[in-house]
Amino acid sequence: MDVSEEEETYAQRLHVKPVEPKIFKKVFDEVDSFKRKFPKHLSSLDKRISKYCHRNAETSRDRNLKQKVLDRLKRVVRELFPEGRLIPGGSTVTRLSVKRSDYDLCLYVPNKAGDYRGDRQFVLSTLQHLYDELIVNPPRMLAFCRLIGSTVPIIRLYLSDDYHDMELDINCNVSYQFHTNHLVRHYVHFDERVKPLVLSIKKWAKAVNILDSQCGRLNSFSFVMMTIHFLQSVCSPPILPNLSELFPKSFDPSIDLVFAKKRSHRHCVPLRKKLVKNRRSLGELFLAFIAYFSEFDWDKDAIVIRSGGLTQRNTPGDEESCVMCIEEPYGHFSAARTVWDLTERSTIEETFRSHAETIFKKGGKELSKLLKM
């Protein structure tokens, strides 16, 4: 199956690099075959994904609680660091949070040079200062907290019952994370299928134990990057463009987003040309995602959404020590560095393979057993 000149031109216009035609054909041939044989099961999957996302959507009470927590912690930060800022991050910013989800906050404190670079010693001493204050004068909402000196040091707070036992992580001066959240938020806003697809994939991945960074498997952010890559490079026509290349001014890493005024999606992504609509349903995309990653070559390919596609693992800047390479678009390290052992990667690969085989070879009833949402 050759890519038509028109399809190739359209992909270039969106600054994405499609996977090889034979890969795309195999993935969607399997999905289309399933659709012909089991239309009711596929329709049921569509409905279950939509129902799951609606049922688990973050409520106004959740948002109000998060705002209350933020306001209280901001008072603590102002007393300790008059020039500091405490800003929401993670799924709260990207719009990928669900009911009673954890809360990520980014503490920005200028160093002696007056910038927000993440010198490890400065970051650790800053977080230690905040941690000591929380221990000595704990806010009423706080049940317990601990300082974790991991690759990215954080303070983890465990809140009381009145706050739904919320867990909260505070990092310090991780400026690339703010740019990444900004980018992902606009991908989520770009197409209404992105959010429910990401949430349903993460739900499935947790259920089959491959989303578990504490046990050496993938973290939540890796699945977000995998989904964006899939929607850029595997779907035809592409559902997502390469926003970094299409709108470099909006996603320039040199912009100080910490203090910049929030801008609307229409302002950041001012598309003037009509897009070719991809009409695949959520169920089709979900199954195609599993089919695609069931045969993904992690030894050969790295996922790099800022380039709009895959790059070979032996290219400069690639992390040779990583067994799976999914680039953090602004940090330029592998988001999949939680997977440090080939045995764990094999478990992830085998999970994708076995589920794809069960779904596409054994049919609709098996799909119902595997995907309980």
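Calculation criteria
- Every residue gets a number counted from 1 within its own chain, in the order that chain's sequence is written.
- Restriction of local features to residues with pLDDT of at least 70 applies here, the model being predicted, together with a cutoff of 80 or more for giving and counting side-chain atom pairs; totals for whole chains, interfaces and linings are based on all residues.
- With hydrogens and water stripped out, all remaining heavy atoms of the structure feed into the side-chain values.
- By definition, any uninterrupted DSSP run of H or I lasting at least four residues is a helix, any uninterrupted run of E lasting at least two residues is a strand, and each is numbered from the N terminus.
- In this treatment the radius of gyration is a C-alpha quantity, and the globule benchmark scales as 2.2 Å times the residue count to the 0.38 power.
- Whether a residue is buried, partly exposed or exposed follows from its accessible area with a 1.4 Å probe, protein chains only, as a fraction of its type maximum: under 20%, in between, or over 50%, in that order.
- The contact criterion used throughout is that any non-hydrogen atoms of two residues lie within 4.5 Å.
- A 1.4 Å probe and the Shrake-Rupley method give the accessible areas. Residues count as covered only by the protein chains that appear here.
- Charged residues are defined narrowly, with Lys and Arg counted positive, Asp and Glu counted negative, and His plus the chain ends left uncounted.
- A charged residue contributes its charge at one atom only: NZ of Lys, CZ of Arg, CG of Asp or CD of Glu.
- Only residues whose relative accessible area exceeds 30% and that take part in no salt bridge are eligible for patches, with like-charged residues grouped when within 9 Å of each other and nonpolar side chains (Val, Leu, Ile, Met, Phe, Trp, Tyr) grouped when within 5 Å.
- The term salt bridge refers to a pairing of a side-chain nitrogen on Lys or Arg with a carboxyl oxygen on Asp or Glu at a separation within 4 Å.
- UniProt positions are given in the numbering used here, feature names are shortened, and annotations may be inferred rather than shown by experiment.
- A pair of cysteine sulfur atoms is labelled a disulfide when the two atoms are within 2.5 Å.

### Digging into the overall build of the chain
Next, step 1: Looking only at helices and strands, one finds 14 helices and 7 strands in the chain.
Next, step 2: Whereas a compact globule of 373 residues would reach a radius of gyration of roughly 21 Å, the chain reaches 21 Å, a difference of no more than 12%.
Next, step 3: Projected onto its principal axes, the C-alpha positions of the chain cover 65 × 40 × 40 Å.
Next, step 4: When burial is assessed residue by residue, the chain has 53% of its 373 residues classed as buried.
Next, step 5: Restricting the contact set of the chain to residue pairs at least 6 apart, pairs at least 24 apart contribute 68%.
Next, step 6: A total of about 19000 Å² of accessible surface is found on the chain, and carbon and sulfur atoms cover 49% of it.
Next, step 7: Between the mean site of the 60 positive side-chain charges and the mean site of the 48 negative ones, the chain shows a separation of 7 Å.

### Comments concerning a positive patch on the surface
Next, step 1: A cluster of basic residues, K51, R55, R61, K68, K99, R100, K203 and K206, forms a positive patch at the surface.
Next, step 2: Contributions of two or more residues to the positive patch are made by α3 (39-55), α4 (60-80) and α8 (194-207).
Next, step 3: Here K51 is to be found in helix α3.
Next, step 4: Residue K51 is classed as exposed on the basis of its relative accessible area, which comes to 55%.

### Section: the UniProt feature "domain: Poly(A) RNA polymerase mitochondrial-like central palm" (unreviewed entry) in the chain
Next, step 1: On the UniProt side, "domain: Poly(A) RNA polymerase mitochondrial-like central palm" (unreviewed entry) is annotated at positions that read residues 45-188 here.
Next, step 2: As a span, residues 45-188 carries 47% helix and 21% strand, and end to end its C-alpha atoms are 21 Å apart.

### Describing the state of the cysteines
Next, step 1: On inspection of all chains with the given rule, the structure shows 0 disulfides.
Next, step 2: No disulfide involves C145; its nearest neighbouring cysteine sulfur is the one of C172, lying 15 Å away.
Next, step 3: Residue classification places C145 among the buried positions, given a relative accessible area of 3%.

### Focus: the pattern of salt bridges
Close approach of charged atoms allows side chains of opposite charge to pair.
Next, step 1: Inspection of the entire model under this criterion finds 15 salt bridges.
Next, step 2: Salt-bridge contacts for R306 lead to E327; the nearest nitrogen and oxygen are separated by 2.5 Å. Residue R306 is found in the loop between β6 (301-304) and β7 (309-312), and its partner E327 is found in the loop between β7 and α13 (342-362); the two are separated by 21 residues along the sequence.
Next, step 3: Assessed through its relative accessible area of 36%, R306 is described here as partly exposed.
Next, step 4: Residue R345 is joined to E349 by a salt bridge in which the shortest nitrogen-to-oxygen separation is 3.6 Å. In this pair, R345 and E349 both sit in helix α13, 4 residues apart, roughly one turn of the helix.
Next, step 5: Judged by relative accessible area, E349 falls into the buried class, the value being 15%.

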